[in-house]
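Read off the chains here:
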Amino acid sequence: MSTVSIGPLRHFHSVRENPRCGLKSKAFKPCSLNYCSQPSASTLVFHARSFCNFRLPKKHQAIRATSTTDANLVQTFESAELFFKETFPLKRTETVEGKIFVRLDHAKNSQIWQLIVGCNLPGKWILHWGVSYVNDVGSEWDQPPTEMRPPGSIAIKDYAIETPMKKSSSSGGDGFHEVKIDVSPKSAIAVINFVLKDEETGAWYQHRGRDFRVPLVDYLQCDGNMVGAKRGFGLWPGALGQLSKFLHKAEASTTNVPESSTESRDPKQESRSLEGFYVEQPIKKQVAFDNSVTVSVRKCPETAKSNLHVETDLPGDLVIHWGVCRDDAKKWEIPAGPYPPETIAFKDKALQTRLQPKEGGDGCWGSFTVEEGLEGFLFVLKLNENTWLKCMENDSYIPLSSNDFYIPLSSSSLSAKSRQGLSKGTQIPEKNAEEIQGESLSVYTSGIINEIRNLVGDISSESRRTTKTKEAQESILREIEKLAAEAYSIFRSSIPTFAEEAVIETEEPKPLVKICPGTGTGFEILCQGFNWESHKSGRWYMELKERAAELASLGFTVIWLPPPTESLSPEGYMPKDLYNLNSRYGNIDELKEVVKSFHEVGIKVLGDAVLNHRCADYQNHNGVWNIYGGRLNWDDRAVVGDDPHFQGRGNKSSGDNFHAAPNIDHSQDFVRKDLKEWLCWLREEIGYDGWRLDFVRGFWGGYVKDYISATEPSFAVGEYWDSLSYTYGEMDHNQDAHRQRIIDWINATNGTAGAFDVTTKGILHSALERCEYWRLSDSKGKPPGVVGWWPSRAVTFIENHDTGSTQGHWRFPGGKEMQGYAYTLTHPGTPIVFYDHIFSHYRSEIAALISLRNRNKLHCRSTVKITKAERDVYAAIIDEKVAVKIGPGHYEPPSGQKWSSSIEGRDYKTWEAS
């Protein structure tokens, strides 16, 4: 058979315009890339993180590219019917650098001074500012006098002013915004305080994590965030004296300032000689650009080969990592040649090809010919050594067979070829689409739901031989509708409202039929049934048994018990013989008894399964503990091979190693088989209803999916705990990267397990400790944790045996625990309450909040509308039934609906709709 050069057979130009990426200023230097799809009716969502585990080896096997040409075959491909074509919209964000400028100078032809605050980055900038008076120079702000406020200023309660920054007419650049504030030397103002806010992104910009402070008197002490003061003096000489060394100096006053006396002085007698200054503060901002990737497939009628053309307007030198698959398993393999130029093999599993630049340099393209009989084409785009583009957590998949069911990315209709597979065995992707920007999301989602209704009807009509009650069928239908609507709000919604939640059925989900194991009913309220010291009693199971009825009366539906196995550590987290259930908490008979007691009062029980690591019974010939005894008498093949402490002979770890014990290699078939048998034995022998999975960072979530499928728990939650994002010791407002890592793990389990919402806990810490309640709303106006992206899989908590108890690794702010519970017990997600808090002076308040949640039938997918997120108060309305506020600030629910006060405590309050 003749071969053909797979150069530019044909250019299929992108349907999207070129990226808007021309920033003229040299100050705008791209620092990082974070890709996500343009909101559309897509099934693919791209995020530029290090999703792909492939790493280029130092040496690659060169692949011979074809050099022969067959004009007839080229013409055949060009004239062949277009089998598939789709444009994947991408929203690329770059971090650009800019500066905040602060200047104090004389106003023209006037004795009045002017404070000018400017920024050279594009955006909708707001100056949020206030003053401190001479007799009160603490941390509290006051509003400035009316004559000092620039036009367009808006009062924020009684302590601040917000003034829109306008484009400067003198700077000569479109991106420069500034605001001018008149300052009288005779005023009683000691300090001007301010922060900048970008209305486009909701981001706040401060000075080293604190407010900017411009002193106007000589006697203020340095607190590290003064602007324009001279560093090195105990007192601050001259109002706004010299340039602070904490900031970059662009131009400074040359006035000599005499050293100030260190003696105390009366502020009222202060001689005020203002001195001009100019300082700069570097800042960074995420700027969005639109790009796209177009993939088209043509079938050769003579050879049945497929020709794929990939074209993108993404900038840079791109590499496509690609392969093919032969069935729905989507297992990568290398197709038969020939291959495009500049193609290398990667670990005998895939190919890597450098895409060719387009004429004019605006993007790049590649063309690929593959043999017949293939199911699909798999690819990942590589932008640089650290940045890959994938389809959510999966590889990008292009169908090559008419049997594939495929929902296109930018069209609400299926291609003719793709529709042919609908009647043959449809697969409905879950949680892999984003909202449509600029269109009615509810209308679009309703259309999708109608498609699913028709689909379920077709499946039902073709499967009449199976006996399903109408009630069961309706339950399945509700679950599919619920998941279809939820899919559009999982990843980075571009709409800062919650209109999309309107498509979710108003009727609360009823778990008539188990649709997906591990995800529960949506109405669970969890209790952690132990703390770090519980093992010391030696009879903890029996103590819990005595409290089963009491916990049920409080409204709990699930209890999480401690690890049951024999362990080197008394707490149970260093397991040894997995089938030995005689632990410090009690023996196996007592464990069965306590589980039975909770079942009798209607509470389900979660077992704490430590699957990441296991302590050995024997040493190998080198004296290393990696040989096991008991029923699961594994050898060192069960231990990962990349932890030098334990010299395992298994494969490399699929996650982060826990160095205190041998990490189990879950890629080994015998290991997974044994663990599934053990988990099933626990379900049957003990009666566990579900799992809490310890340290799931240590192994791939796909293995968890395997264990969940084998044991079919009613509920499962994983502990994926790593550090949030900080800058100079201050928590960043944007924690998207942190919650994305948790989302990625949940996705790897195929959504069969939830995860503890560590992101929300960390943000609550910072918001409550620092009185920065604005942190509880992200840039889209949604909750900033996992609960804002995937609420049905978020398990919210404020404390557990690690963070609190006697360990105290990350203790919740003292005295503010009830604010935390007022948040978690009213919001979507699945809340969990720590044992120490239940049996404390918080008991009655926690019980009241649980009763409120149950009475209003709030659940893990409840809708939340954030109505206020300011410095000292956060407020939200949940399901239009419950309003809640936390923080010392004032809030009342909107007057359009009748509300009655429900629960009130220290710095929190709830209302119920009448």
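This is a predicted model, so every value here is computed, not measured.

Enquirer: Describe unusual backbone geometry, naming the residues involved and giving the relevant values.
Expert: A cis amide bond links Gly337 to the next residue, Pro338, at an omega of 5 degrees. Tracing the sequence through the fold places Pro338 in the loop between β16 (319-325) and β17 (343-346). Phi is positive for Lys857, which is not a glycine, with a value near 55 degrees. Considering the arrangement of structural elements, one finds Lys857 in the loop between α14 (843-855) and β36 (864-869).

Enquirer: An account of the side chain of Thr826 is needed here, citing residue identities and associated values.
Expert: Tracing the backbone shows Thr826 in the loop between α12 (817-824) and β35 (830-834). Of the residues examined, Thr826 reaches a relative accessible area of 0% and is grouped as buried. Within the local environment of Thr826, its side chain forms a polar contact with the backbone oxygen of Ala822, the two atoms lying 2.6 Å apart. Among the polar contacts made by the side chain of Thr826, one reaches the side chain of His827 at a distance of 3.1 Å.

Enquirer: So what's going on with the pattern of salt bridges? Which residues, and what values?
Expert: Applying the stated rule across the entire model yields 34 salt bridges. A salt bridge links Glu730 to Arg770; the shortest N-O distance between them is 3.1 Å. Taken as a pair, Glu730 in strand β32 (residues 730-731) and Arg770 in the loop between α11 (758-769) and β34 (794-796) lie far apart in primary sequence, 40 residues in all. According to the relative accessible area criterion, Arg770 is partly exposed, its value standing at 35%. Note that Arg739 is salt-bridged to Asp736, the shortest N-O span being 2.8 Å. Of the two residues, Arg739 and Asp736 are both situated in helix α10 (residues 736-748); the distance of three residues between them amounts to about one turn of the helix.

Enquirer: Tell me about the pairing of strand β8 (residues 160-164), and please be specific about residues and values.
Expert: Counting buried positions along β8 yields four of five residues, so the element is predominantly enclosed. Looking at chain direction, strand β6 (residues 125-133) and β8 are connected through four bridges and run antiparallel. Across the sheet, the residue bridging to Leu127 is Thr163, located in β8. Looking at chain direction, strand β7 (residues 154-156) and β8 are connected through three bridges and run antiparallel. Its bridge partner lying in β8, Ile156 is registered against Ala160. In this structure, the hairpin formed by β7 and β8 is closed by a connection of three residues, where Lys157 is found at a positive phi of approximately 50 degrees.

Enquirer: Can you break down the packing of aromatic side chains residue by residue, with the values?
Expert: Per the stated rule, a full pass over the model turns up 24 aromatic pairs. Between Trp540 and Tyr835 the ring centres are 5.3 Å apart and the planes differ by 65 degrees, which places this aromatic pair in the edge-to-face class. Of this pair, Trp540 sits in helix α5 (residues 540-545) while Tyr835 sits in helix α13 (residues 835-838), placing them 295 residues apart in sequence. The ring of Phe83 has Lys299 sitting right over it, with the charged end atom 5.2 Å from the ring centre. Here the guanidinium or amino end of Arg739 rests over the ring plane of Trp789, the centre of that ring lying 3.9 Å away.

Cut-offs used in this document
Residues numbered from 1 in each chain as written. Predicted model: local features only at pLDDT ≥ 70, side-chain atom pairs only at ≥ 80, totals over all residues. Heavy atoms only, no water. Helix = DSSP H or I, 4+ residues; strand = E, 2+ residues; numbered from the N terminus. Buried < 20%, exposed > 50% of the residue type's maximum accessible area, 1.4 Å probe, protein only. Polar contact = N/O pair within 3.5 Å; in protein donor to acceptor, adjacent residues only side chain to side chain. Salt bridge = Lys/Arg side-chain N within 4 Å of Asp/Glu carboxyl O. Pairing = 2+ DSSP bridges. Phe/Tyr/Trp six-rings, centres within 6.5 Å; stacked < 30°, edge-to-face > 60°. Lys NZ or Arg CZ within 6 Å of the ring centre and 35° of its normal.

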